[in-house]
Amino acid sequence: MLQQLNSSQRSAVKCIDKPCLVLAGAGSGKTRVITYKIAWLIQQCGYPANAIAAVTFTNKSAREMKQRVSSLMPRKQTRGLRVSTFHTLGLSIIKHSLAALGLKTGFSIYDNTDSLSLVRELMRKTFSDPKNQAEMTLHQIDRWKNAFITPEAAQRLANGDQQLTIAAAIYEQYNHHLRTYNAVDFNDLIMLPVILLRSNEEARNYWQSRIRYLLVDEYQDTNNTQYELVKLIVGDKSGLTVVGDDDQSIYAWRGAQPENLLGLGNDYPNLNVIKLEQNYRSTGCILKAANTLIQNNPHVFEKKLWSELGFGEHIRILPCANEDIEAEQIVAEILHHKFQYGTNFKDYAVLYRGNHQSRLFERALRENNIPYYLSGGNSFFSYTEIKDLLSYLRLVANTDDDNAFIRVVNTPRREIGPSTLEALNRFSSQYNHSLFSACFESNITTGLKKRAQQNLHDFAKWILDVAHTAENDTPVAALKRIIQDIDYEQWLNDTAKDEMVAARKIENVNELIEWVSKLHTKDPEASLHDIITKLTLIDTLERNDDDEIGDNVSLMTLHAAKGLEFPHVFLVGMEEELLPHRTSIEEENIEEERRLAYVGITRAQTTLTMSFAKQRKRYGEIVDCEPSRFIDELPKDDLHWLGDNSKLTKQEQKQKGQMHFSSLRALVSGES
DNA sequence: AGAGTGAACCTTTTT
DNA sequence: GGTTCACTCT
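For the structure given in this document, a descriptive report is provided here. (Residues numbered from 1 in each chain as written. Chains lettered and ligands numbered in written order. Predicted model: local features only at pLDDT ≥ 70, side-chain atom pairs only at ≥ 80, totals over all residues. Heavy atoms only, no water.)

1. A closer look at the protein's contact with DNA strand C
All residues in the neighbourhood of DNA strand C are listed as Arg-120, Arg-124, Tyr-619 and Gly-620. Near-protein atoms of DNA strand C (within 4 Å) split between backbone and bases, with sugar and phosphate holding 31%. Of the residues in the surface near DNA strand C, the class split is 1 nonpolar, 1 polar and 2 charged. (Near = heavy atom within 4 Å. Nonpolar A, V, L, I, M, F, W, Y, C, P; charged D, E, K, R; others polar.)

2. Topic: the sheet that holds strand β1 (residues 20-24)
With parallel pairing, the 6 strands of this open sheet are ordered in space as β3-β2-β6-β7-β1-β8. The two strands at the open ends of the sheet, each matched to only one other strand, are β3 (82-85) and β8 (272-276). The mean inter-strand angle of the sheet, taken between neighbouring strand axes irrespective of direction, is 15 degrees. Sheet analysis places strand β6 (residues 213-216) next to strand β7 (residues 240-244), joined by 3 bridges and oriented parallel. Along β7, the bridge assignment pairs Leu-215 with Thr-241. (Pairing = 2+ DSSP bridges. Helix = DSSP H or I, 4+ residues; strand = E, 2+ residues; numbered from the N terminus. Axes fitted to C-alpha atoms, helices over the stretch in contact; angles between N-to-C directions.)

3. Quick look at helix α3 (residues 59-70)
If you check α3, its first and last C-alpha atoms are 17 Å apart, about what 12 residues at 1.5 Å a residue would give, namely 16 Å. Those residues of α3 that fall on the buried side of the exposure criterion are Asn-59, Lys-60, Ala-62, Met-65 and Val-69. Each element contacted by the buried residues of α3 is listed here: α2 (30-43), β2 (52-56), β3, α4 (86-96) and α24 (528-537). (Expected span 1.5 Å × (residues − 1). Buried < 20%, exposed > 50% of the residue type's maximum accessible area, 1.4 Å probe, protein only. Contact = heavy atoms within 4.5 Å.)

4. With respect to the pattern of salt bridges
Following the criterion strictly, the structure yields 31 salt bridges and no others. Here Lys-534 ties to Asp-523 by a salt bridge, and the two come within 3.9 Å at their closest N and O atoms. Here Lys-534 is found in helix α24, whereas its partner Asp-523 is found in the loop between α23 (499-522) and α24, with 11 residues between them in sequence. Look at Lys-534 and you get partly exposed, because its relative accessible area is 37%. Between Glu-576 and Arg-629 there is a salt bridge; the shortest N-O distance is 2.8 Å. Taken together, the positions of Glu-576 in the loop between β15 (566-571) and α26 (582-586) and Arg-629 in helix α28 (residues 629-632) put the pair 53 residues apart, joining distant regions of the chain. One continuous salt-bridge network, built from bridges that share partners, spans Lys-30, Asp-217, Glu-218, Asp-221 and Lys-562. (Salt bridge = Lys/Arg side-chain N within 4 Å of Asp/Glu carboxyl O.)

5. Structural notes on the protein's contact with DNA strand B
Near DNA strand B you find 24 residues, and of these Arg-353, Asn-355, His-356, Ser-419 and Thr-420 are the closest. Across the atoms of DNA strand B situated within 4 Å of the protein, the share located in sugar and phosphate is 54%. Contacts to DNA strand B include His-87, whose side-chain N or O atom sits 3.1 Å from a sugar or linking oxygen. The side chain of His-559 places a nitrogen or oxygen atom 3.4 Å from a base oxygen of DNA strand B. Along the lines of polarity and charge, the residues of the surface near DNA strand B split into 5 nonpolar, 14 polar and 5 charged. (Polar contact = N/O pair within 3.5 Å; in protein donor to acceptor, adjacent residues only side chain to side chain.)

6. So, the state of the cysteines
Considering all chains together, one arrives at 0 disulfides under this definition. Free cysteine: Cys-45, not disulfide-bonded; nearest cysteine sulfur from Cys-15 at 11 Å. In this structure Cys-625 is a free cysteine whose sulfur lies 11 Å from that of Cys-320, the closest cysteine sulfur available. Cys-625 gets classed as buried once you look at its relative accessible area, which sits at 16%. (Disulfide = S-S within 2.5 Å.)

7. As for helix α15 (residues 358-367)
Because the α-helix completes a turn every 3.6 residues, residues three or four places apart line up on one side. Ser-358, Phe-361, Glu-362, Ala-364 and Leu-365 are the residues of α15 that are buried. At the C-terminal side of α15, Asn-369 shows a positive phi close to 55 degrees.

8. Thoughts on the side chain of Arg-316
Its place among the elements puts Arg-316 in strand β11 (residues 315-322). Engagement of the side chain of Arg-316 in a polar contact is seen with the side chain of Glu-333, the distance being 3.3 Å.

9. Considerations on the pairing of β3
Where β2 lies against β3, 4 bridges are found, and the strand directions are parallel. Counted as the bridge partner of Val-55 is Ser-84 from β3. Once the chain exits β2 it traverses α3 before rejoining the sheet at β3, and the crossover so formed is right-handed. (Right-handed = clockwise from strand over helix to strand, strands pointing away.)

10. A few points about the side chain of Thr-137
Relative to the helices and strands, Thr-137 is located in helix α6 (residues 134-146). For Thr-137, a relative accessible area of 5% translates into the label buried. Once residues lying within four places of it in the same chain are set aside, the contact partners of Thr-137 are Val-119, Met-123, Ala-167 and Ile-170.

11. Description of the packing of aromatic side chains
Geometry of an aromatic ring pair is reported as the spacing of the ring centres plus the angle between the planes. As enumerated under the stated definition, the model contains 11 aromatic pairs in all. Ring plane angle 40 degrees and centroid distance 5.7 Å describe the contact between Tyr-251 and Trp-253, whose orientation is recorded as tilted. Between Tyr-392 and Trp-462, the aromatic rings sit 5.9 Å apart at their centres with planes inclined by 85 degrees, giving edge-to-face as the arrangement. Separated by 70 residues along the polypeptide, Tyr-392 in helix α16 (residues 384-397) and Trp-462 in helix α20 (residues 450-472) bring together distant segments of the chain. The exposure classification of Tyr-392 matches that of Trp-462, with both residues buried. Looking at Arg-198, its charged tip hangs above the ring of Phe-148, at a distance of 4.4 Å from the centre. One Lys or Arg, Arg-212, reaches over the ring of Tyr-47 and ends 4.7 Å from the middle of that ring. (Phe/Tyr/Trp six-rings, centres within 6.5 Å; stacked < 30°, edge-to-face > 60°. Lys NZ or Arg CZ within 6 Å of the ring centre and 35° of its normal.)

12. Remarks on the nonpolar core
Counting 50 residues, the largest nonpolar core has Leu-389, Tyr-392, Phe-405, Phe-459, Ile-482 and Leu-535 as its most contacted members. Among residues more than four places away in sequence, those in contact with Phe-459 are Tyr-392, Leu-395, Phe-405, Val-408, Val-409 and Arg-414. (Core = buried A, V, L, I, M, F, W, Y, C linked by side-chain atoms within 4.5 Å.)

13. A few points about the packing of α16 against α24
Packed helix pairs are characterised by how far apart their axes lie and by the angle those axes make with each other. Where α16 meets α24, the closest approach of the two axes is 9 Å, and the angle between their N-to-C directions is 140 degrees. Between α16 and α24, the crossing angle belongs to the class labelled oblique. Seen along the crossing, α16 lies across α24 with a hand that is left-handed. Every residue of α24 that contacts α16 at Leu-390, Leu-393, Arg-394, Val-396 and Ala-397 is listed here: Leu-528, His-529, Ile-532 and Leu-535. Among the residues making up the contact of α16 with α24, the classes are represented as 7 nonpolar, 1 polar and 1 charged. (Parallel < 35°, antiparallel > 145°, perpendicular 65-115°, else oblique. Left-handed = near helix turned anticlockwise from the far one by under 90°.)

Written as structure tokens, this is what we have:
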């Protein structure tokens, strides 16, 4: 069974009597180790599948891992196996002990935007300070939650510092709001389980015996609370395997602590440390570049990746006059290369630092009729129409969800404007009622007109009625009824700027319906609330997963690319102030940026091209750019600088590019 | 109440 | 260059 593994991988799989740390370089087969280990535990060690849990960081990798495990053994044997993200695991723990945590069934999960708008609102209410500090405050709250610091403790720690004092006050109100409205945020999904398991022996015993073996992927990305959760679940068992790579730690900004890799040795003195250093992914040249680059970072664990795949082609560096030409050139390059080598579009990936960089590439790809897959950025769930409908569903599932209430109460128009809402809000906070239930109070005397009161009452009654439908019918039926009752298509047609936009929005609505019905078929027992929960936790990458992966060029951020691999990678925007990003330069945090570049380079299997623009528009203004320092850090002899055609005028460039395109396009389309 | 206009901010990265 | 938010006008 372990024939297909090398000796290090094999010993990692077979190590079960001690906790095990696998330091796995990029492309060294760490997912393989985890999946084989799960199979080993089940088939050789006699663990029932439901006693094993594997934790990943994205839903996408969870899915992929599940699939890879089921390809190793009959479906029957994997029944009950838990492969999920930390957040989903936390959610299960919370659901199991709702009452002990002071939550009621049907609680809502606030996503980041929900949290942010709540903070914004609280700040506006309390401090009429128009400064845009909500984001900073939320970030501070995140940090406090991560360190298990209560609002009271935060207030003490602030020690008079004005900003911190304000943040702590907001923190207090923020938590209070969540509790009042039966809601949790993303941090709570991890933090509450930790608090529960620490203080509640029964729950702790339950989970410690329920999960007999725990495997954690991308361990360098765990934060403080996640580490605590791991320790509490493992207890004094030795059923723990952790896989990570400190060179791929790119989430420090959201609290990840790569030093958790180190701390493991202290918490588990008999820890078995295994290094995986053979890379099965990239050519020698690409690997050498990656190794040379990352050598500029300090290291806790020295490791040296090597490959048997041969040296391969040189890394190409493509200088461009500006960012338009960069996009055009690369798209031309993809077409050309595909034609020459008969590859598929899905073999190519364009990777960049920030989501906004995707635009130009999207345009260039669309102009050439090249199908592409865009990850991140404006996620499906950030479209207003989707947020609206999801808020309707949330309100139906949990009528106390004030955020959802506010979002939909006047969309489409119901003549319930700011002044009405303000009165309602005054009333509801006075009696600590949700906005929804306040609609039914007939003694709102705070200057509400009869008509406004009637509108509110009608709306709330209708919501109750839909909720009733939802109880007796499928979630899809409830959603469809909402869309119909509010005449949503009409509303979209009326409000959208032009027909195209409206049509796209309606398409999105239909996609949402499909989502809900798909989730329902998958798990017919799931309540409306379960489905909303799933939708809230779904990340953007999972969207296209159900449909088989099409033949698309991938566009994604370096963060989103982690864990993936492509035959041909284009690393674009290799410029100072972009990669490394300006704020990181200012904060003197170059190392994480270097790791980001490292992650990008190591995504490539056979060819790697890096490009940079000499000029780029920034906020509509043209600025000169310097090539990234990371290019200088690569081995000079392995770089192939492509013709520097930046001396041509822009128009000549365009012409040249276009001629190139049309001839190629003819060839390619003739072929297929 | 709601639509329409200008200023201000902005771009890291995401569960 | 594009979006979001606050203010003003109908």
